[in-house]
Amino acid sequence: MADQYAQSGEDGRPTEIPAIRWDEPPEGPVLVLLDQTRLPAEEVELVCTDASALVDAIRSLAVRGAPLLGIAGAYGVALAAARGFDVDEAAVALAGARPTAVNLSVGVRRAQAAHRDAVAKGGGPEQAAGAALAAARRLHREDAEASARMAAHGLALLDELLPGGGHRILTHCNTGALVSGGEGTAFAVALAAHRDGRLRRLWVDETRPLLQGARLTAYEAARNGMAYTLLTDNAAGSLFAAGEVDAVLIGADRIAADGSVANKVGSYPLAVLARYHHVPFIVVAPVTTVDMDTPDGASIEVEQRPGFEVTEITSPQVTVSGAGGGIPVAPLGTQAYNPAFDVTPPELVTAIVTEEGAVSPVTAEALAELCDRSRQVTI
């Protein structure tokens, strides 16, 4: 579900509704998003005319997923520049919209740097805005290319760890085309296995409390004709105990310098289960998700979400009288603990797969070498 500028897939087929796209109607440039809070009930586009509208969309999870947040952040800077708003002010607001997802700030910085560079070279507002947009489109294209390379590296690793095919993969949250300029991260690996006839079953964690697995991963799996089964998060243990899981594949919102992985809450328990049951636990993410400025897992700021996401159930089809517009499932006044992410230590991670290859075992030295290699390739 890539932007029209950066289509993805082995055959270059565009998807029906892009997850994100830049448009320039007569009234001025806009950023158009597929509103993921409305899926799978309906495919509705959300139009952002300025950076503040995009910040709201990011916070409400209308647009989400680490790689796509980076792309959205870059386009948001370009939108502010094209609309004549204060670019630096917009950049600060965008970068702070979701603190755990490092790709967001990376994308913002890239477009902001392109804008500043154009201004420093004497370019006018229109030229500087064009430079920011070019940077955003370049990031979008790079992410689509990275997605395809991650899928290839991930499938090769699966075949190495689990020769013979027939993979039964458990995944958590949503890591497909809805979070990427291409076909995703962890989901892209499962999709590659499916296309090669090597995926026996995709186990889809429901992903409480906002059901990104049930609403989004199942939606993408169904559209791709994959063999998939949905389960509640707390059913994963019985699945492992029954010997029905060959590998766990997840994405990441931030990877610290020591290899600690921040991902959607519920990922860490899967890593513990996988270690006990001797099942590979594989993280798939672009190099931009590795944050060498964050030394370890304890240094990762974990976003705390509103309590009503736990005390209410929200459905795209139903609006009731709860504080968050959902169906109350707990007594009025109940306090809720609702971290958006948890952190998995590197010793529980079998491998981290990026577009530059896989790191296994996961160590600070191996990650630093990978990032250095990636920078050299970029230069």
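### Quick notes on the sheet that holds strand β16 (residues 357–359)
- Strand order in the open sheet made by the seven strands is β6-β5-β4-β7-β10-β15-β16, with mixed pairing throughout. Strands at the two margins of the open sheet, each flanked by one partner only, are β6 (228–231) and β16. Strand after strand, the sheet turns through a mean of 25 degrees between neighbouring axes, direction not considered.
- In this structure, strand β5 (residues 199–205) lies alongside β6, joined through four bridges in parallel fashion. Residue pairing for β6: aspartate 205 is matched across the bridge by leucine 231.
- Across the sheet, helix α7 (residues 212–223) touches β4 (167–171), β5 and β6, and the angle it forms with β5 is around 160 degrees.

### Re a nonpolar patch on the surface
- Taken together, the side chains of Ile313, Ile327 and Val329 make up a nonpolar region of the molecular surface, amounting to roughly 230 Å² of accessible area.
- Position of isoleucine 313 among the secondary structure elements: in strand β12 (residues 312–313).
- On the accessibility criterion, isoleucine 313 (36% relative accessible area) is partly exposed.

### Describing the packing of helix α1 (residues 51–59) against helix α3 (residues 87–95)
- Two numbers describe how α1 lies on α3: the axes approach to 9 Å, and their chain directions differ by 5 degrees. As summarised for this structure, α1 and α3 are arranged roughly parallel, according to the angle between their axes. Note on element contacts: α3 touches α1 through Ala90, Ala93 and Leu94, opposite Ala51, Leu54, Val55 and Ile58.
- In terms of residue class, the contact of α1 with α3 is made up of seven nonpolar, no polar and no charged.

### Concerning helix α6 (residues 186–195)
- Judged by how many residues are buried, α6 sits mostly within the fold: eight of ten residues are covered.
- Residues of α6 that are buried: Ala186, Phe187, Ala188, Val189, Ala190, Leu191, Ala192 and Ala193.
- Residues of α6 that are buried sit in contact with α5 (125–161), β4, β5, α7, β7 (247–250) and β10 (281–284).
- Two residues or fewer past α6, glycine 197 is found with a positive phi of approximately 75 degrees.

### What about the side chain of glutamate 309?
- Among the secondary structure elements, glutamate 309 is positioned in helix α10 (residues 308–311).
- Of note is the side chain of glutamate 309, whose polar atom sits 2.9 Å from the side chain of asparagine 338.
- With residues near it in sequence (within four places) discarded, glutamate 309 still touches Pro209, Leu210 and Asn338.

### Let's talk about the packing of α3 against helix α4 (residues 102–120)
- At a closest axis distance of 9 Å, the pairing of α3 and α4 adopts a crossing angle of 170 degrees. As far as their axial angle goes, α4 and α3 are roughly antiparallel. On α4, the residues that touch Val87, Asp88, Ala91, Leu94 and Ala95 of α3 are Leu104, Ser105, Val108, Gln112, His115 and Arg116.

### Some details on the sheet that holds strand β9 (residues 261–264)
- One open sheet holds the four strands; their spatial order is β11-β8-β9-β14, and the pairing between them is mixed. The sheet is open, and its two edges are formed by β11 (290–291) and β14 (341–344), each paired on a single side.
- In the packing of helix α9 (residues 267–276) onto the sheet, contacts are made with β9 and β14, and the angle to β14 comes to roughly 35 degrees.

### Focus on the confidence of the model for the protein chain
- With 92% of its residues at a pLDDT of at least 70, the protein chain reaches an overall mean of 93.
- Of the regions scoring below 50 in pLDDT, residues 1–15 engages in 43 contacts with residues more than four places distant in sequence or in other chains.

### Notes on the pattern of salt bridges
- All told, the structure shown has 18 salt bridges when counted by the stated rule.
- Note that arginine 21 and aspartate 23 form a salt bridge whose closest N and O atoms lie 3.5 Å from each other.
- Taking the relative accessible area as the measure of exposure, arginine 21 reaches 15% and is therefore buried.
- For glutamate 206, the salt bridge goes to arginine 208, with nearest N and O atoms at 3.4 Å.
- Through salt bridges with shared partners, a single ionic network connects Arg98, Glu303, Arg305 and Glu309.

### Focus: the nonpolar core
- The biggest cluster of nonpolar side chains holds 38 residues, and the ones touching the most others in it are Leu31 and Leu54.
- When contributions to this core are tallied by element, the ones reaching two or more residues are β1 (20–23), β2 (30–34), α1, α2 (66–83), α3, α4 and α5.
- Contact partners of leucine 54, with chain neighbours within four places excluded, come to Leu31, Leu33, Cys48, Val63, Ala72, Gly76 and Leu94.
- Listed in part, the 29 residues of the second largest apolar core include Leu170, Val245, Val290 and Leu367.

### Some remarks on α7
- The terminal C-alpha atoms of α7, which comprises twelve residues, lie 16 Å apart, in line with the 16 Å expected from a rise of 1.5 Å per residue.
- Among the twelve residues that make up α7, nine are buried, leaving the element largely enclosed by the rest of the structure.
- All of the buried residues along α7 are Gln212, Gly213, Arg215, Leu216, Thr217, Ala218, Tyr219, Glu220 and Ala221.
- In the core, the buried residues of α7 are packed alongside β4, α6, β5, β6 and β9.
- Positive phi appears at glycine 225, one or two residues downstream of α7, with a value of about 70 degrees.

### Examining the environment of phenylalanine 85
- By secondary structure assignment, the location of phenylalanine 85 is in the loop between α2 and α3.
- A residue is classified by how much of its surface remains accessible, and phenylalanine 85, at 46% relative accessible area, is partly exposed.
- As for phenylalanine 85 and valine 343, which are separated by 258 residues in sequence, their C-alpha atoms are 37 Å apart.
- Other than its neighbours up to four places away in sequence, phenylalanine 85 contacts Asp50 and Ala80.

What counts, and where the lines are drawn
- Residues numbered from 1 in each chain as written.
- Predicted model: local features only at pLDDT ≥ 70, side-chain atom pairs only at ≥ 80, totals over all residues.
- Heavy atoms only, no water.
- Pairing = 2+ DSSP bridges.
- Helix = DSSP H or I, 4+ residues; strand = E, 2+ residues; numbered from the N terminus.
- Axes fitted to C-alpha atoms, helices over the stretch in contact; angles between N-to-C directions.
- Contact = heavy atoms within 4.5 Å.
- Patch = residues over 30% accessible without salt bridge, like charges linked within 9 Å, V, L, I, M, F, W, Y side chains within 5 Å.
- Areas by Shrake-Rupley, 256 points an atom, 1.4 Å probe, with all protein chains shown as cover.
- Salt bridge = Lys/Arg side-chain N within 4 Å of Asp/Glu carboxyl O.
- Buried < 20%, exposed > 50% of the residue type's maximum accessible area, 1.4 Å probe, protein only.
- Parallel < 35°, antiparallel > 145°, perpendicular 65-115°, else oblique.
- Nonpolar A, V, L, I, M, F, W, Y, C, P; charged D, E, K, R; others polar.
- Polar contact = N/O pair within 3.5 Å; in protein donor to acceptor, adjacent residues only side chain to side chain.
- pLDDT = per-residue confidence, 0-100.
- Core = buried A, V, L, I, M, F, W, Y, C linked by side-chain atoms within 4.5 Å.
- Expected span 1.5 Å × (residues − 1).

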